[in-house]
Amino acid sequence: MAFDFISAQLAERKSQHLYRQTTAVQCQGRLIQYQQASLLNFSGNDYLSLAQAPELVTAWQQGLAQYGCGSGASALVTGYSDAHYALEQTIKEWLNVPAVALFNSGYSANQAVLKLLLGKQDLLIQDKLNHASLIEAGQYVAANMVRFRHNDMSHLEQRLSQGGENKLVISEGVFSMDGDQAPLAEIVRLTRQYQAWLMVDDAHGIGVLGPHGQGSLAQQGIHPQDCHIHMATFGKALGVAGAMVAGTVDLVDYITNFSKPYIYTTAMPPAQAVAIKASIELLQQQPWRQQKLLQNIATFKQAAQQEGIEIAPSETAIQPVIIGGNNATLALAQRLREQGFYCTAIRPPTVPPGSARLRVTLCSAHTTADIHALVTALAQGLAGNADAGMTNREFSNEQ
Ligand SMILES: *Cc1c(COP(=O)(O)O)cnc(C)c1O
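Per chain, the residues get numbers from 1 upward, laid out in the order the sequence is written. For a predicted model such as this one, the threshold for reporting local features is a pLDDT of at least 70, and the threshold for listing and counting side-chain atom pairs is 80 or more; totals across whole chains, interfaces and linings nevertheless cover every residue. Side-chain metrics in this entry use all non-hydrogen atoms of the structure; hydrogen atoms and water are not considered.

The protein chain goes by 8-amino-7-oxononanoate synthase in an unreviewed UniProt entry, where it is assigned to Motilimonas pumila. UniProt positions are given in the numbering used here, feature names are shortened, and annotations may be inferred rather than shown by experiment. One UniProt comment on the protein chain, placed under Catalytic activity (unreviewed entry), says "6-carboxyhexanoyl-[ACP] + L-alanine + H(+) = (8S)-8-amino-7-oxononanoate + holo-[ACP] + CO2". Check the Sequence similarities (unreviewed entry) section of the UniProt entry for the protein chain; it says "Belongs to the class-II pyridoxal-phosphate-dependent aminotransferase family. BioF subfamily."

The structure is reproduced here in structure tokens:
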């Protein structure tokens, strides 16, 4: 029968404990309402707890009152308003970049850039742990895509020495499932040496790291000119939605003229652009958000170490606790939910087989007591898993 694979693959997912479903929750930053219970939320990407900030809600409402709901057209028709223009100006000043293009999502921004720039004579080089939106786009473009071992600079150099007319290296600033950071200065040195371009996807660094929340590049002292394509999203630390691609005036001109995902889509609602601009201003006016988050990260790491919980080498808001097996991870997530903590289990194919994990994330609204309570429950849960005969690290060879 036609499209038989649909039910077959769903059944396979279920049998492997890899089946997924959306769950309706009500997220209020620090807390999440889940099946009539109010749980502490350690799963979101709203790192600065801006999504619920009253100032931001008001800004979006004022934008709605001024501009109405939708933008009404694509950017090149009539969808681009003075709200979009003002947001672009704010970003250019904030990040010290010459030009910026707005997108409705980070997913589409990544697809757009790769499709736009890479032809079959080109070489695309990606960190092995790059986000699905980048890897998937790379699989669809005609360029030769190769990956280098995560953060392995000698492997990157080996890849760079391969042939290709235009070479593009892509790394995340902060890796979304591991929380560790790319050695950007070293990557810049190599891309320069091999005359390649560098693209950094800073979805999890923007707002969180660096002075004024400018992100991974600023934190690591990288000059904006050394990162040819700076991509960031507005749906995580900035608490809204949408994305940007920053670069030279020529690059943004080229996007505006030739990128189909940019041209043939309705521009983001102007009120949303107002809200994003307000968010960028707010996070700079309220540096305590970033400071509190960094404090919370340190508190979590210290408490976990004291409890003997093995955590990943991450200095960011993403603090994964790697369990290994899918079942063991699901059981632990369930046990934590029963005790009032919401931590999502992340399983393959989002992460490599055998490295299922609880992706613990911290936000600036967590209190020290929240974090200590989570760590205590985690330690008990991990001990419980061991009692139930579940190995915490049943690595497979499939990596
Ligand atoms: C979330 C994410 C994206 C996608 O951004 P959206 O705006 O949510 O579509 C892209 N890259 C990375 C690294 C991400 O974590």
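S.K.: Describe in detail the overall build of the protein chain, supporting the description with residues and values.
M.R.: In terms of helices and strands, the protein chain carries 15 helices and 14 strands. Relative to its length of 399 residues, the protein chain is compact, with a C-alpha radius of gyration of 21 Å against a globular reference of 21 Å. In terms of overall dimensions, the protein chain has a C-alpha envelope of 60 × 55 × 50 Å along the principal axes. Summary of the burial criterion: residues with accessible area below 20% of their type's maximum are buried, those above 50% are exposed, and those between are partly exposed, where the area comes from a 1.4 Å probe applied to protein chains only. Looking at the protein chain residue by residue over its 399 residues, the buried ones come to 52%. The contact criterion used throughout is that any non-hydrogen atoms of two residues lie within 4.5 Å. Contacts in the protein chain between residues at least 24 apart in sequence constitute 71% of all its contacts with a sequence separation of at least 6. Of the roughly 17800 Å² of accessible surface on the protein chain, a fraction of 51% belongs to carbon and sulfur atoms. Counting rule applied: Lys, Arg positive; Asp, Glu negative; His and chain ends not counted. We put the charge of a Lys on NZ, of an Arg on CZ, of an Asp on CG and of a Glu on CD. Computed over 26 positive and 31 negative side-chain charges, the separation of the two mean positions in the protein chain equals 3 Å. Strands are runs of DSSP state E lasting at least two residues, helices are runs of H or I lasting at least four, and both sets are numbered from the N terminus onward. Restricting the calculation to C-alpha atoms gives the radius of gyration, and the globule rule supplies 2.2 Å times the number of residues raised to the power 0.38. Surface accessibility follows the Shrake-Rupley procedure with a 1.4 Å probe radius. Residue values consider only the protein chains on display as shielding.

S.K.: Let's hear about the domain arrangement of the protein chain: which residues, and what values?
M.R.: Where the parts come together, the accessible area they lose is often given as the size of the interface. Start and end points for every domain follow an automatic or database-based domain assignment. Under the domain assignment, the protein chain is made up of domain 1 (24-52 + 287-387) and domain 2 (68-285). A separation of 27 Å is found between the C-alpha centroids of domain 1 and domain 2. The partner domain 2 presents 24 residues to the 22 residues of domain 1 that form the contact. Buried area is understood as the total, over both parts, of accessible area removed when two parts are fitted together, assessed with a 1.4 Å probe. With both sides pooled, the region where domain 1 packs onto domain 2 buries about 1700 Å², and carbon together with sulfur makes up 61% of that total. The largest share of the area that domain 1 buries against domain 2 comes from Leu50, Gln290 and Thr316, three residues that together contribute 27% of it. Criterion for a salt bridge: a side-chain nitrogen of Lys or Arg within 4 Å of a carboxyl oxygen of Asp or Glu. Taken together, the connections running from domain 1 to domain 2 amount to one salt bridge. Where Asp178 meets Arg357, a salt bridge forms, and the shortest distance between an N and an O atom there is 3.1 Å. Any pair of N or O atoms that falls within 3.5 Å is considered a polar contact. Within protein, one atom must be able to donate a hydrogen and the other to accept it, and sequence-neighbouring residues count only if both atoms are side-chain atoms. Applying the counting criterion to the domain 1 and domain 2 interface returns nine residue pairs in polar contact (both at pLDDT 80 or more). Among the secondary structure elements, those contributing two or more residues to the side of domain 1 that touches domain 2 are helix 13 (287-306), strand 11 (318-324) and strand 14 (356-361). Of the residues forming the side of domain 1 that touches domain 2, the biggest block, four residues, is contributed by helix 13.

S.K.: Describe in detail the side chain of Gln286, supporting the description with residues and values.
M.R.: Along the chain, Gln286 falls in the loop between helix 12 (270-285) and helix 13. Judged by relative accessible area, Gln286 falls into the buried class, the value being 13%. Among the polar contacts made by the side chain of Gln286, one reaches the side chain of Arg289 at a distance of 2.7 Å.

S.K.: Which residues make up the confidence of the model for the protein chain, and what are the values?
M.R.: pLDDT is a per-residue confidence score from the predictor, ranging from 0 to 100. Taken over all residues, the pLDDT of the protein chain has a mean of 94, while the share at 70 or more is 96%. This model gives residues 392-399 a pLDDT under 50, and the stretch forms 21 contacts once residues within four places in sequence are excluded.

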